Amino acid sequence: MIDHETLKTSTVISEFSDTIKTKIDDFLTDGIMTTSMSAPPAGYEVDRFAGRYALGKNLPAVANKAGFCFNRVGSGEVRVLGGACSEVLGGANLANLLNDGYELEVRAMEALKNAKPAEVLSVHTSAGVPQQMDHFLSSLAPHLPTTSDDWCVNLQAEGASAVHAAIDMGLQYKQGGADFNSAGARTRVGCGASSYHGPASTSPGGATPLGAQAKGLTHRARYPVPSPFCRRRGEDDDSFHERLLLEFNAYLDMYENEIGVILVEPQWGSSVAAMPWPPALLREYIKAAKARGMAVVADEIMCGLGRHGAEPAAGGTGCFLSECWDLQPDIVTFGKSIGGGAGHLLSGAVLLDGAAKFKEASRTAFQSHTYAAASARALANGASLLDSLESWRPSVRAIGAAVEPVLQELNEASNGAVLAHGQGALWGGMFTNADPAARTEANLKFKKRCVDQRVLPYFVPVGGFMITPRYDDDPDMLAAATKDMAQCALETVREMGWAPSALLPIESPPHAGAATSGGSSSCSSLLGRLNKDTLKGICKDLSLDVTGDEDAMASRILSKC
Ligand SMILES: Cc1ncc(COP(=O)(O)O)c(C=O)c1O
């Protein structure tokens, strides 16, 4: 039987540990940023740019790219094993993809210089749309995971906005006419226990630093997911999945009256290092949520656009995993490199059935911006990628074939201390110590080794890496760079010397919170490493008293575990 109180507490606790983990990662990142950055000039005034990393610690300017080798001002070349799905093609293939938009820009420049009417580069959403919209929509149509012709798409610039658009379209689709401001409104979004849908400031699923209820949408309790954190030692796949489905139904029972939308990532991004969901289990989750009147959003911003490399369904194109795995969500999102990966931003949320209802009721997504769907070049690039997408499947599979044996070898050689997985051009690996503090320490050592070897995977906050190559990266060079990175991971876990008993999956029947956080003892060891301000921040997040010394605050936080 599911203990509802346990479930409730546990899902909340997973957020606390996320907060704590990120703060620690921040402290530890300090060292690495200084080593790689401070000595030579970075090509710009680093103290003026408050970017992804803390002020003064942002990465150097990149002068040029040759394949996946990025040449950085002052610190030379690094082999970038994938910037979290931000690029799909390079070299001549990228030039080809960008060509229509480039020629448009050349024509527009000529006309502008001669003070003649110029083709549109961008249009404010209140004034019209670029002509390239027509081509984009017809290029998108064959890729949609639906047999219905009653679809519509909302377009945005970056992925986080597309996820927000997907959520609000889902609410309107399932609860058209409802008063979303009423006290009992079902507006909350159910996110998985491991979940990331964009920047931590505003995105559903991100736990820090504004708390899990980013933008007031995300439900504080997270649903259980088939990640190694939720697994118990000795549990086989079938019993693990059976238990999770029971727990998910208990979660739905408990929060049915609050949740209007469930978000899923069919193949995770950084939160579970590119691990694919078991398709049959995900189909069951989706069915259960839909049966309760919830809209299901499949966020394919990482895995879509054929990156997963899976076999298309009959008559499909293999663009989305939702199609390949017959997931049947209500809405699917795409983003990142659909804009071409050259900085022309585009993302979108597709309502797969029910557009007519929207039209009849004069509805659209609530989410909108000045430049949503405004860039002619982004639309032209997107159409060009979609038109050629199917021709890239063999290359995606060649990437998969190059990476897989290297990561398999890493799994074996690490004796379970690294768990690597993936498919197509989306792979990752996690350090498996159950204690987040141990994983964070390993992550730091791993980062340092990668800096020395001049390889840059995407370091995942949970501890480990993600690899998201371009579809046309050279498989041999990629395999060699992946080997160097895998060696860094292997040396790291060997140095850590973890006992097999310290590794996931965890031993005891949880308390799901322990499953996600590594247990209250690890919580306590984490808390012991935090300074007063950080502890204060966590207490505030949890609406706890912020008075007293570090011990007092830590024990208040722990009392919640
Ligand atoms: C699954 C998922 N959804 C959405 C986003 C947000 O995309 P963006 O960074 O373009 O806002 C990300 C970012 O990595 C992601 O991994």
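Here is a short report on the structure shown in this document. (Residues numbered from 1 in each chain as written. Predicted model: local features only at pLDDT ≥ 70, side-chain atom pairs only at ≥ 80, totals over all residues.)

1. Side note on the nonpolar core
Point 1. Core analysis: the biggest nonpolar cluster contains 136 residues, and Val261 and Ile331 have the highest contact counts within it.
Point 2. In terms of residues, this core owes the most to one element, helix α4 (residues 159–174), which gives nine residues.
Point 3. Both domain 1 (4–89 + 392–501) and domain 2 (133–391) contribute no fewer than three residues apiece to this core.
Point 4. Once residues lying within four places of it in the same chain are set aside, the contact partners of Val261 are Ile167, Gly170, Leu171, Val189, Met294, Ala295 and Val297.
Point 5. Ranked by size, the runner-up nonpolar core spans five residues in total, among them Ile538, Met553, Ala554 and Ile557. (Core = buried A, V, L, I, M, F, W, Y, C linked by C-beta atoms within 7 Å. Buried ≥ 20, exposed ≤ 12 C-beta atoms within 10 Å, placed from the backbone. Helix = DSSP H or I, 4+ residues; strand = E, 2+ residues; numbered from the N terminus. Domains from an automatic or database assignment. Contact = placed C-beta atoms within 7 Å.)

2. Some thoughts on the environment of Val493
Point 1. You can see Val493 is positioned in helix α12 (residues 475–496).
Point 2. Spatially, the C-alpha atom of Val493 lies 9.7 Å from that of Asn443, the residues being 50 residues apart in sequence.
Point 3. Excluding anything up to four places from it in sequence, Val493 contacts Ser414, Ala417, Val418, Phe431, Ala442 and Trp498.

3. Here we look at the environment of Ala417
Point 1. Among the secondary structure elements, Ala417 is positioned in the loop between α10 (393–413) and β10 (418–423).
Point 2. Classification of Ala417 by C-beta neighbours within 10 Å gives buried; the count is 25.
Point 3. A sequence separation of 72 residues divides Ala417 from Ala489, and the C-alpha atoms of the two residues are 9.6 Å apart.
Point 4. When residues no more than four places from it in sequence are discounted, the contact partners of Ala417 are Phe431, Thr432, Val493, Trp498 and Leu503.

4. Brief notes about the pairing of strand β3 (residues 76–80)
Point 1. Bridging between strand β2 (residues 69–72) and β3 involves four bridges; their strand directions are antiparallel. Bridge pairing in β3 places Arg72 opposite Gly76.
Point 2. Sheet topology places β3 next to strand β12 (residues 455–456); two bridges connect them, and they run parallel. Considered in β12, the bridge of Val80 is made with Leu456. (Pairing = 2+ DSSP bridges.)

5. Some points on the sheet that holds strand β1 (residues 62–66)
Point 1. Within the open sheet, the four strands sit side by side as β1-β2-β3-β12. Their pairing is mixed. Each having just a single partner strand, β1 and β12 make up the two edges of the open sheet.
Point 2. Sheet analysis places β1 next to β2, joined by four bridges and oriented antiparallel. Paired with Asn64 across the bridge in β2 is Asn71.

6. Concerning helix α5 (residues 237–255)
Point 1. The end-to-end C-alpha distance of α5, which contains 19 residues, comes to 27 Å, matching closely the 27 Å that a straight helix rising 1.5 Å per residue would cover.
Point 2. Along α5, the positions that sit buried rather than exposed are Leu244, Glu247, Phe248, Tyr251 and Tyr255. Each buried residue of α5 lies within a common arc of 105° when the element is viewed along its axis, so the set occupies one face. Pointing more than 90 degrees away from the buried face of α5 are the exposed residues Asp238, Ser239 and Asp253. (Expected span 1.5 Å × (residues − 1). Arc of directions from axis to C-beta.)

Geometry only, nothing functional implied.
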